[in-house]
Amino acid sequence: MSKHTTSTSHGGAGRALLWVAILLTVALLGFVTATAVRNNPINSDRVANGVSKYHFIEECKELAHDSEQLTVGAMGQTIPLKTLVEQSSPLKAGDEIHASLEATSAEIVRATQTVDGGGWTLTAPATIAVHNGANVKTLGQLPMACAHDKKTGKTTATLQLPGQ
C-alpha cells in the first residue's frame, strides 16, 4: 500500500493569476465606462440649461405628436396646426393630425444646441400626416423649431412655413 505523504499544492499560483485577471478586468471596465461617459453625446449640464439634453429632445418629440398644442409660424403669426390643416380640407370623424421628427437620433442630437443664457434649441424636419385608424395620409414636411427657455422652464415647438 502506498501512502501519499507529500503535500505540494499547485493551487497558490493559479489563485494568484485568477486574482490578477479579475483586477485587470475590473480596471478595464472602469476605464471603458469613464471614457464612454465623457464622450456621451447626450451628456449635458442640466443646471446651466434648465433641463438635460435628453429630456429636452424627448419633450420636443412629445410636442410634435400633440397636434392640439403644435402651432405653425406664418407671416409673424402663430396658427394652430389643426386650424391650418382644416382650412384646406375639413377633418373627418376619427382623423388625428400628427407630426413626427424625420431625422435620425444622431442627427437630432447633433442639431440640439445650447442657447446663450441657458436653454436648448433644435430645428429638424417634421412630417405632418392625418391618421385615421390604420390609414395614414401624409400632408407634407415642414421644419420644426423647438426651444427650451431656462427662465420659464418651458419647452415650445413651432412648425415653420417655407420662406418664413
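Residues numbered from 1 in each chain as written. Predicted model: local features only at pLDDT ≥ 70, side-chain atom pairs only at ≥ 80, totals over all residues. Heavy atoms only, no water.

A. Summary view of the state of the cysteines. Applying the stated criterion across every chain yields a total of one disulfide. A sulfur-sulfur separation of 1.9 Å characterises the disulfide bridge that pairs Cys60 with Cys146. Note on the Cys60 and Cys146 pair: the S-S dihedral is about -95 degrees, so by sign convention the disulfide is left-handed. Taken together, the residues span a long stretch of sequence, with Cys60 in helix α3 (residues 53–65) and Cys146 in strand β6 (residues 135–149) at a distance of 86 residues. Owing to a relative accessible area of 0%, Cys60 belongs among the buried residues under this scheme. The exposure class assigned to Cys146 is buried, which follows from its relative accessible area of 1%. (Disulfide = S-S within 2.5 Å. Helix = DSSP H or I, 4+ residues; strand = E, 2+ residues; numbered from the N terminus. Buried < 20%, exposed > 50% of the residue type's maximum accessible area, 1.4 Å probe, protein only.)

B. Looking closely at the environment of Cys60. Linking Cys60 and Thr123, residues 63 residues apart in sequence, is a C-alpha distance of 10.0 Å. Once you skip the residues sitting within four places of it in the chain, Cys60 turns out to touch Leu122, Met144, Cys146 and Thr155. (Contact = heavy atoms within 4.5 Å.)

C. Summary view of a nonpolar patch on the surface. Nonpolar side chains collect at one region of the surface, where Leu18, Trp19, Ile22 and Val26 lie side by side and expose about 420 Å² of accessible area between them. Structurally, Leu18 can be placed in helix α1 (residues 11–38). (Patch = residues over 30% accessible without salt bridge, like charges linked within 9 Å, V, L, I, M, F, W, Y side chains within 5 Å. Areas by Shrake-Rupley, 256 points an atom, 1.4 Å probe, with all protein chains shown as cover. Salt bridge = Lys/Arg side-chain N within 4 Å of Asp/Glu carboxyl O.)

D. Structural context of the pattern of salt bridges. Summed over the entire model, instances satisfying the criterion amount to one salt bridge. With its nearest N and O atoms 3.8 Å apart, the salt bridge here joins Lys61 to Glu58. Highlighted residues: Lys61 and Glu58, both in helix α3, separated by three residues, approximately one helical turn. The exposure class of Glu58 is partly exposed, given its relative accessible area of 27%.

E. A look at α3. A rise of 1.5 Å per residue sets the reference length of α3, with its 13 residues, at 18 Å; its end C-alpha atoms lie 19 Å apart and thus fit the reference within 8%. Looking only at α3, the buried set comprises Lys53, Phe56, Ile57, Cys60 and Ala64. Considered in projection along α3, the buried side chains sweep an arc of 100 degrees and stay on one side of the axis. (Expected span 1.5 Å × (residues − 1). Arc of directions from axis to C-beta.)

F. Highlighting the side chain of Thr127. Note on placement: Thr127 falls in strand β5 (residues 119–132). With a relative accessible area of 16%, Thr127 lands in the buried category. A distance of 3.3 Å separates a polar atom in the side chain of Thr127 from a polar atom in the side chain of Gln141. Ignoring any residue separated from it by four or fewer positions in sequence, one finds Thr127 in contact with His98, Ala99, Ser100, Glu102, Thr138, Gly140 and Gln141. (Polar contact = N/O pair within 3.5 Å; in protein donor to acceptor, adjacent residues only side chain to side chain.)

G. Molecular detail of the nonpolar core. Among the nonpolar cores identified, the biggest contains 25 residues, and Phe56, Leu81, Met144 and Leu159 are the most heavily contacted of them. Listed by contribution, the elements that provide at least two residues to this core are α3, α4 (81–88), β3 (96–101), α5 (105–111), β5, β6 and β7 (154–160). A total of six residues in this core trace back to one element, the largest contributor, which is β5. (Core = buried A, V, L, I, M, F, W, Y, C linked by side-chain atoms within 4.5 Å.)

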